[in-house]
Amino acid sequence: MAYLPVSLPSGHKLVADSSPHLWGHIPNLTAAYIQRSLEQHAWRFDRVTGEALVVVHIGTNDVASGLSPAATVGQMEALIDRIQRGHAEPLYVAVCSIVPRPVDNEWTKPTVWEMNRGFQQLCQHKKDCVYLPTGTLFLKNKQILNHYFNRDGLHLNVEGKQILFYY
């Protein structure tokens, strides 16, 4: 999972960190940089044996990184390919949607929507991949449920993290 240890609900431990949240915050992002990032984190999955499920959740900071939705979806595809590479048994990947946030504006709302649509389409075409529409957990009547977020309107609070974790 791409949770940082401080984000896990109490009593849970981090198994592996595929944190693509760092990609997009680097000026002049290059294919070589993306490949190094993939190898920096995805090698941990080389040790997985037998059938397994990897859940990938990109943090909401990626929305404002300036990277286009198409480039972010491309990074997700590269991450999935790298994670699944070389496994004799199926290594299933579940891609979580990006969570809508109270701080989203006229620029970031469509970006969230485009990225999630891109992730959904990607998972429809990738073998052993499924899209998890986790963003819907934080909406009621198309309105964001603010009580799941910290005061900053960007990060999930403890209750929000638990809702996401137990999806």
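Refer to the structure printed above.
Residues numbered from 1 in each chain as written. Predicted model: local features only at pLDDT ≥ 70, side-chain atom pairs only at ≥ 80, totals over all residues. Heavy atoms only, no water.

An account of the pattern of salt bridges is needed here, citing residue identities and associated values.
When their charged atoms lie close together, side chains carrying opposite charge are able to pair. By the definition in use, this model includes three salt bridges. Taking the shortest distance from any N to any O, the salt bridge between Lys126 and Asp81 comes out at 2.2 Å. Of this pair, Lys126 sits in the loop between α3 (108-125) and β3 (129-132) while Asp81 is found in helix α2 (residues 69-84), placing the two residues 45 residues apart along the sequence. What makes Asp81 partly exposed here is its relative accessible area of 37%. Residue Asp104 is joined to Arg101 by a salt bridge in which the shortest nitrogen-to-oxygen separation is 2.6 Å. Looking at Asp104, the relative accessible area reads 10%, which means it is buried. Classification of Arg101 as buried rests on a relative accessible area of 3%. One connected set of salt bridges, linked through shared partners, spans Glu77, Asp81 and Lys126. (Salt bridge = Lys/Arg side-chain N within 4 Å of Asp/Glu carboxyl O. Helix = DSSP H or I, 4+ residues; strand = E, 2+ residues; numbered from the N terminus. Buried < 20%, exposed > 50% of the residue type's maximum accessible area, 1.4 Å probe, protein only.)

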